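Structure at a glance
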Amino acid sequence: MPYPYIKNLPLWPSHCGIMTIREDYCLKTSNTENCFLQIISGRMVIQHKSRRHTLAARSVVALGRNTSVLLEPQAQQSCQLILLFLHHAPAAPNINLNFLCLHVSLVDVFFGRKTRFCILTDQEHIYVTFHAILYEWEHDQPERDTMLTSLLQEFFIRLARSFHAHNRPTGIQYLTSACDYIKQNFQEPLTLEKIAAHVGISRSYLAQLFSTQLNRSVVEYIQTVRCDHAAYLLNTTSLPIIDIAMETGFNNRQHFTRTFGKLYGMPPHEYRHVNHVSYVKTPGLRNGPSSGSGESGVST
């Protein structure tokens, strides 16, 4: 992440509830859903592929698409879980995970780094938000969808904070700081040396972090951030393409067109023709899309 603006990732709960397991249970996700679970009481072993992990209460497990695990309660006792399934939901209500990742680097790094099977320790009171989501899901209170949208954003941030704290020795904090700096300064000339100096690490270590944690180079990340904002401008303004190129940090139209076409599979003028929403004269876009509204390739 981030992902091209054309590829939104709208998610919404398909199920949230408490489950008690007294014997071995196979938990699976489909191609269009993710699952988050937290142990409320008891202990269990969770087996993913050939590896077994013993988990106690408050442990959190994130399962991405097409993932299967075996849950085994321990000591001949039942184990109680809270389960949240999120599925792809193109129609409202939904939360745009791609948009969230574009604007909250901590969440961006979490989803870019985590695999389809991830275990977290609850260092951010995730259980509080988890139970709040459960309450809203089970009770049809006024503005339930609004509350769920807010709680899901909070839930992802708490997950990312716990992941960040647990993975601090691996340089996650430096990566997050670098992503924030790029998003805040994408319109300016950016170099590996300049970003590394701002973060306070060597350029080689910064390049290594992007390669190992996000599976992309620093330059590729910068280009994607710039093109994401360019796509928004193409969708929502009548600015000439050359102005959009300059506004988003490209030094000429040819470079912009080539880079944008590589990421989106079509040149800017064609993208505008296919995807424009409405043209409003917006002279500047320092901060990109207004807050309020995050590829399917996340290991979600």
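Everything that follows concerns the structure shown earlier in this document.
Every value quoted in this text rests on a predicted model; they were computed, and no experiment measured them. (Residues numbered from 1 in each chain as written. Predicted model: local features only at pLDDT ≥ 70, side-chain atom pairs only at ≥ 80, totals over all residues. Heavy atoms only, no water.)

**A few points about the overall build of the protein**
- What the protein contains, in helices and strands, is 11 helices and 10 strands.
- A burial count over the protein gives 50% of its 300 residues as buried.
- Surface accessibility of the protein: about 14,000 Å² in total, with carbon and sulfur atoms responsible for 49%. (Helix = DSSP H or I, 4+ residues; strand = E, 2+ residues; numbered from the N terminus. Buried < 20%, exposed > 50% of the residue type's maximum accessible area, 1.4 Å probe, protein only. Areas by Shrake-Rupley, 256 points an atom, 1.4 Å probe, with all protein chains shown as cover.)

**Points about unusual backbone geometry**
- Along the chain, Ala 92 connects to Pro 93 via a cis peptide bond; the corresponding omega equals 0 degrees.
- Relative to the helices and strands, Pro 93 is located in the loop between β8 (79-88) and β9 (95-96).
- In this structure, Lys 49 takes a positive phi of about 55 degrees despite not being glycine.
- Taking relative accessible area as the criterion, Lys 49 reaches 70% and is therefore assigned exposed.

**Considerations on the state of the cysteines**
- For the structure shown, the criterion picks out 0 disulfides.
- Sulfur of Cys 16: no disulfide; nearest cysteine sulfur belongs to Cys 35 and is 9.8 Å away.
- On the basis of relative accessibility, which here comes to 4%, the residue Cys 16 falls in the buried class. (Disulfide = S-S within 2.5 Å.)

**Thoughts on the packing of aromatic side chains**
- A full pass over the atoms with the stated rule returns 14 aromatic pairs.
- Measuring from centroid to centroid gives 5.4 Å for Phe 260 and Tyr 271, while their planes differ by 75 degrees, and the two rings are edge-to-face. In this pair, Phe 260 is assigned in helix α10 (residues 253-264) and Tyr 271 in helix α11 (residues 268-275), connecting sequence segments 11 residues apart. A single burial state applies to Phe 260 and to Tyr 271, both of which are buried.
- By the ring-pair criterion, three or more aromatic residues cluster together here, those being Phe 36, Phe 110, Phe 111, Phe 130, Phe 155, Phe 156 and Phe 163. (Phe/Tyr/Trp six-rings, centres within 6.5 Å; stacked < 30°, edge-to-face > 60°.)

**A closer look at the nonpolar core**
- Phe 156, Ile 195 and Phe 210 are the most contacted members of the largest nonpolar core, which totals 54 residues.
- Per-element tally for this core: the top contributor is helix α4 (residues 144-166), with 8 residues.
- Filtering out sequence-adjacent residues up to four positions away, Phe 156 remains in contact with Phe 36, Leu 86, Ile 95, Leu 97, Leu 100, Val 107 and Phe 111.
- By size, the runner-up hydrophobic cluster in this structure holds 18 residues, among which are Met 19, Ile 21, Leu 37 and Leu 81. (Core = buried A, V, L, I, M, F, W, Y, C linked by side-chain atoms within 4.5 Å. Contact = heavy atoms within 4.5 Å.)

**Describing the sheet that holds strand β1 (residues 10-21)**
- Spatially, β9-β1-β8-β3-β6-β10 is the arrangement adopted by the 6 strands of the open sheet, whose pairing is antiparallel. The open sheet terminates on both sides in strands that have one partner only, identified here as β9 and β10 (117-120).
- As defined by bridge partners, strand β6 (residues 60-63) adjoins β10 across 4 bridges and the pair is classed as antiparallel. Following the sheet pairing, Ala 62 is matched in β10 by Cys 118. (Pairing = 2+ DSSP bridges.)

**A closer look at the sheet that holds strand β2 (residues 25-28)**
- The antiparallel open sheet is built from 4 strands, whose spatial order is β2-β7-β4-β5. Both edges of this open sheet fall to β2 and β5 (51-55), since each of them pairs with a single strand only. When strand polarity is set aside, the average angle formed by the axes of neighbouring strands in this sheet is 25 degrees. (Axes fitted to C-alpha atoms, helices over the stretch in contact; angles between N-to-C directions.)

**Here's the deal with helix α7 (residues 203-213)**
- For α7, every residue scored as buried is listed here: Leu 206, Leu 209, Phe 210 and Gln 213. Buried residues of α7, seen end-on, are gathered within an arc of 95 degrees and therefore sit on one face of the element.
- Elements that come into contact with the buried residues of α7 comprise α2 (105-113), α5 (172-184), α6 (192-199) and α8 (218-236).
- Directly after α7, the chain includes Asn 215, whose backbone phi takes a positive value near 60 degrees. (Arc of directions from axis to C-beta.)

**With respect to α10**
- Here α10 spans 16 Å end to end across 12 residues, near enough to the 16 Å set by a 1.5 Å rise per residue.
- Among the residues of α10, Phe 256, Thr 259, Phe 260 and Tyr 264 are the ones counted as buried. The arc that holds the buried residues of α10, viewed along the axis, is 115 degrees, so those residues lie on one side. Of the exposed residues in α10, those oriented more than 90 degrees away from the buried face are Gln 254, Arg 258 and Lys 262.
- Looking at the buried positions of α10, the neighbouring elements they touch are α8, α9 (241-247) and α11.
- Capping the start of α10, Asn 252 holds a side-chain oxygen 3.1 Å from the backbone nitrogen of Gln 254, two or three residues further along. (Expected span 1.5 Å × (residues − 1). Polar contact = N/O pair within 3.5 Å; in protein donor to acceptor, adjacent residues only side chain to side chain.)

**Description of the pairing of β1**
- Across 2 bridges, the pairing between β1 and β9 is antiparallel. Looking at β9, one finds that Leu 11 is bridged to Ile 95.
- As defined by bridge partners, β1 adjoins β8 across 10 bridges and the pair is classed as antiparallel. Residue pairing for β8: Thr 20 is matched across the bridge by Gln 80.

By themselves, these figures tell us nothing about what the structure is for.
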